[in-house]
Amino acid sequence: MSARYPTEPFYVAHRLFTGAPFPADGTWGDVLDGPVTEDEAVLDAITESFKDEIAVGDLPDRRNLRVWCITPDQPVEDCTSWAVREIDARVYDQGEAA
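A brief structural summary.

Parameters at a glance
- Residues numbered from 1 in each chain as written.
- Predicted model: local features only at pLDDT ≥ 70, side-chain atom pairs only at ≥ 80, totals over all residues.
- Heavy atoms only, no water.
- Helix = DSSP H or I, 4+ residues; strand = E, 2+ residues; numbered from the N terminus.
- Buried < 20%, exposed > 50% of the residue type's maximum accessible area, 1.4 Å probe, protein only.
- Contact = heavy atoms within 4.5 Å.
- Areas by Shrake-Rupley, 256 points an atom, 1.4 Å probe, with all protein chains shown as cover.
- Phe/Tyr/Trp six-rings, centres within 6.5 Å; stacked < 30°, edge-to-face > 60°.
- Lys NZ or Arg CZ within 6 Å of the ring centre and 35° of its normal.
- Pairing = 2+ DSSP bridges.
- Polar contact = N/O pair within 3.5 Å; in protein donor to acceptor, adjacent residues only side chain to side chain.
- Patch = residues over 30% accessible without salt bridge, like charges linked within 9 Å, V, L, I, M, F, W, Y side chains within 5 Å.
- Salt bridge = Lys/Arg side-chain N within 4 Å of Asp/Glu carboxyl O.
- Lys, Arg positive; Asp, Glu negative; His and termini not counted.
- Charge placed at Lys NZ, Arg CZ, Asp CG, Glu CD.
- Core = buried A, V, L, I, M, F, W, Y, C linked by side-chain atoms within 4.5 Å.

### Notes on the overall build of the protein chain
Part 1 of the reasoning: Of the regular secondary structure elements, the protein chain holds three helices and four strands.
Part 2 of the reasoning: Ordered by position from N to C terminus, the α and β elements of the protein chain give β-β-α-α-β-β-α.
Part 3 of the reasoning: If one aligns the C-alpha atoms of the protein chain with their principal axes, the spans along those axes are about 45 × 35 × 25 Å.
Part 4 of the reasoning: Across the 98 residues of the protein chain, 31% fall into the buried class.
Part 5 of the reasoning: Look at the contacts in the protein chain between residues 6 or more apart in sequence, and 54% of them connect residues 24 or more apart.
Part 6 of the reasoning: Here the protein chain has roughly 6600 Å² of accessible surface; of this, 52% comes from carbon and sulfur atoms.

Printed below as a string of C-alpha cells:
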C-alpha cells in the first residue's frame with residue numbers, strides 16, 4: 001500500500017542541531033513527525049524542539065530554523081519569518097504571565 005499524498009496545506013519544519021554529538025557546523029533535521037496541518041501544532045513542536053535554547057534566551061531565528069507551507073499544486077511558501085515572530089510572541093507572552 002503506497003502512502004497517500006496530503007490534499008490540504010501542511011507544514012514542514014527543520015532546525016539546525018548543534019553541540020555534541022553533532023558536527024561543529026551542526027546538522028539540519030526535522031522538527032515535526034511528518035506533515036502537520038495546524039498552525040498551533042507547528043508552533044508547539046518548534047517550541048518543544050527549542051525548549052533548552054529558549055530557557056536561556058536563545059530564540060530560534062532564520063539561522064537555525066526553516067519552516068515551509070506546502071499546498072498541493074502551488075509553489076512552496078517559506079513561513080520561517082512567520083514562525084519566528086510567533087515563537088518570539090509566545091516567549092514574550094509567557095514572560096509577561098510569569
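### So, the packing of aromatic side chains
Part 1 of the reasoning: Throughout the structure, instances matching the rule amount to two aromatic pairs.
Part 2 of the reasoning: Look at Tyr11 and Trp82: their rings are 5.5 Å apart centre to centre, the planes differ by 15°, and that puts the pair in the stacked class. In this pair, Tyr11 is assigned in strand E1 (residues 10–17) and Trp82 in helix H3 (residues 80–97), connecting sequence segments 71 residues apart.
Part 3 of the reasoning: Residue class for Tyr11 comes out buried when judged on its relative accessible area of 8%.
Part 4 of the reasoning: Across from the ring centre of Phe17, 4.7 Å away, lies the NZ or CZ of Arg15, which sits over that ring.
Part 5 of the reasoning: It is Arg15 that lies over the ring of Phe50; its NZ or CZ is 4.0 Å from the centre.

### Side note on the pairing of E1
Both faces of the sheet carry side chains from a regular strand, because those side chains alternate between them.
Part 1 of the reasoning: Summarising the sheet, E1 and strand E3 (residues 65–70) pair through six bridges and their orientation is antiparallel. Residue Tyr11 lies in a different strand from E3, and its bridge partner there is Cys69.

### Examining the side chain of Arg90
Part 1 of the reasoning: With respect to the element layout, Arg90 can be found in helix H3.
Part 2 of the reasoning: Within the local environment of Arg90, its side chain forms a polar contact with the side chain of Glu40, the two groups lying 2.6 Å apart.
Part 3 of the reasoning: Aside from chain neighbours lying at most four places away, what touches Arg90 is Glu40, Leu43, Asp44 and Thr47.

### What about the sheet that holds strand E2 (residues 27–30)?
Part 1 of the reasoning: Spatially, four strands are ordered E2-E1-E3-E4 in an open sheet, and the strand pairing comes out antiparallel. A strand with exactly one partner marks an edge of an open sheet, and here the two such strands are E2 and strand E4 (77–78).

### Notes on a negative patch on the surface
Part 1 of the reasoning: On the surface, Glu8, Glu38, Asp39 and Glu86 cluster together to form a negatively charged patch.
Part 2 of the reasoning: As for its placement among the helices and strands, Asp39 is situated in helix H1 (residues 39–49).

### Some points on the nonpolar core
Part 1 of the reasoning: One finds Tyr11, Leu32, Ile46, Leu65 and Val67 to be the most contacted residues of the largest nonpolar core, which totals 18 residues.
Part 2 of the reasoning: Only E1, H1, E3 and H3 provide two or more residues apiece to this core.
Part 3 of the reasoning: For this core, the element with the most residues is H1, which contributes four residues.

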